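If you want the building blocks of each chain, they are given just below.
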Amino acid sequence: MAEPVMRALEIVVPPIVAANGTTITYHGLENIPERGGALIAVNHTGYVDWLPASLAALHRRRRLRFMIKAEMQEVPPVNFVIRHIGLIPVDRRAGADSYAVAVQRLKEGELVGVHPEATISRSFELKEFKTGTARMARAADVPIIPCIVWGAHRIWTKDHPKSLWRNKIPIVAKFGEPMRADDTVERTTAALHDTMTTMLHRTQEEYPHPAGAFWVPRRLGGGAPTMAEALAMREAELAERARRRAEGLAPEPARGRWRRRTASR
């Protein structure tokens, strides 16, 4: 099937990444299957975690279709990309449709990318996993490939300025051995979390972490929030979002400001 936008991105993005000074080191590429459906489960520390995972798939001559929050469709350029490269929008209030699409894609032999944590971890540690990854793997009868991306959060993450140009930031993308769904969703989810925690800690041990840096976990002497502090921040964020929604406010797409919803919306 011809996919001109996807093909254009495959040609243009790698040279841009290289020219930007960003180096990506891959480990375990052989664990990405050369053919057939599989779920790529990626930890979530920032807004560009998808890029190293997608480029890794490209090294295997595969295309990775990430699940992405549906709100991103409100940004016209992003919506164009979503529609033309086959990303899977997820409405968190009604996720059955996106779940069915992802399962069908997996059954058709595609690679689907998912963040089991669902949201960015401000502590840069693994948060509790949602069960969707395990349920999809079981429904589609495909393996889960655990993936740890580390360093990309230095480029762009929550609560901190972007560093998009000439950043020369090293990134590591590590892929573990394929995992099959266990007899229960709970056991599969727990096994995936344990595996990815071990992978994360090993990856961090091999990466230099300056003391006090905002992108370094507190456990390693950094300035990131603890998991408890990050949870409190997330709860406050959700409460503020609910308050604004109740008052009829919506974020201004272009500038991130809030404005009153109009009747037409």
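Procedures and definitions
Residues numbered from 1 in each chain as written. Predicted model: local features only at pLDDT ≥ 70, side-chain atom pairs only at ≥ 80, totals over all residues. Heavy atoms only, no water. Helix = DSSP H or I, 4+ residues; strand = E, 2+ residues; numbered from the N terminus. Rg over C-alpha atoms; globule rule 2.2 N^0.38 Å. Buried < 20%, exposed > 50% of the residue type's maximum accessible area, 1.4 Å probe, protein only. Contact = heavy atoms within 4.5 Å. Areas by Shrake-Rupley, 256 points an atom, 1.4 Å probe, with all protein chains shown as cover. Lys, Arg positive; Asp, Glu negative; His and termini not counted. Charge placed at Lys NZ, Arg CZ, Asp CG, Glu CD. Salt bridge = Lys/Arg side-chain N within 4 Å of Asp/Glu carboxyl O. Pairing = 2+ DSSP bridges. Axes fitted to C-alpha atoms, helices over the stretch in contact; angles between N-to-C directions. pLDDT = per-residue confidence, 0-100.

In the annotation of an unreviewed UniProt entry, the entry for the chain reads 1-acyl-sn-glycerol-3-phosphate acyltransferase, and the organism field reads Mycobacterium talmoniae.

Draft legend 1. Region of interest: the overall build of the chain. Secondary structure assignment for the chain yields seven helices and nine strands. The C-alpha radius of gyration of the chain comes to 18 Å, within 12% of the 18 Å expected for a compact globule of 265 residues. When the backbone C-alpha atoms are referred to their principal axes, the chain occupies close to 50 × 45 × 45 Å. Classification of the 265 residues of the chain by burial places 46% in the buried group. Counting only contacts in the chain whose residues sit at least 6 apart along the sequence, the fraction spanning at least 24 positions is 70%. Here the chain has roughly 14100 Å² of accessible surface; of this, 56% comes from carbon and sulfur atoms. For the chain, the separation between the mean place of its 40 positive charges and that of its 29 negative charges on side chains is 6 Å.

Draft legend 2. Just the pattern of salt bridges, in detail. Under the definition given, this model contains 18 salt bridges. A salt bridge links glutamate 10 to arginine 7; its shortest N-O distance comes to 3.3 Å. Highlighted residues: glutamate 10 and arginine 7, both in helix α1 (residues 4-19), separated by three residues, approximately one helical turn. A cluster of three or more residues bridged by salt bridges with shared partners is formed by Glu3, Arg7, Glu10, Arg63, Arg65 and Glu110.

Draft legend 3. Spatial organisation of the sheet that holds strand β2 (residues 38-42). Strand order in the open sheet formed by seven strands is β1-β7-β6-β2-β5-β3-β4, and the pairing between neighbours is mixed. The open sheet has two edge strands, β1 (23-27) and β4 (88-90), and neither has a second partner. Adjacent strand axes in the sheet meet at a mean angle of 25 degrees when their direction is disregarded. Bridging between strand β3 (residues 64-69) and β4 involves three bridges; their strand directions are parallel. Bridged to lysine 69 within β4 is valine 90. Packing of helix α4 (residues 96-107) onto the sheet brings it into contact with β2, β3, β4 and β5 (111-114), and relative to β4 it is tilted by some 155 degrees. Together, β2, β6 (144-150) and β7 (170-175) form the strand contacts of helix α6 (residues 185-205), whose direction differs from that of β6 by roughly 35 degrees.

Draft legend 4. View of the confidence of the model for the chain. Here the chain averages 89 in pLDDT, while 91% of its residues score no lower than 70. Low pLDDT (under 50) marks residues 252-265, which in the prediction has 22 contacts with non-local residues, meaning those over four places away or in another chain.

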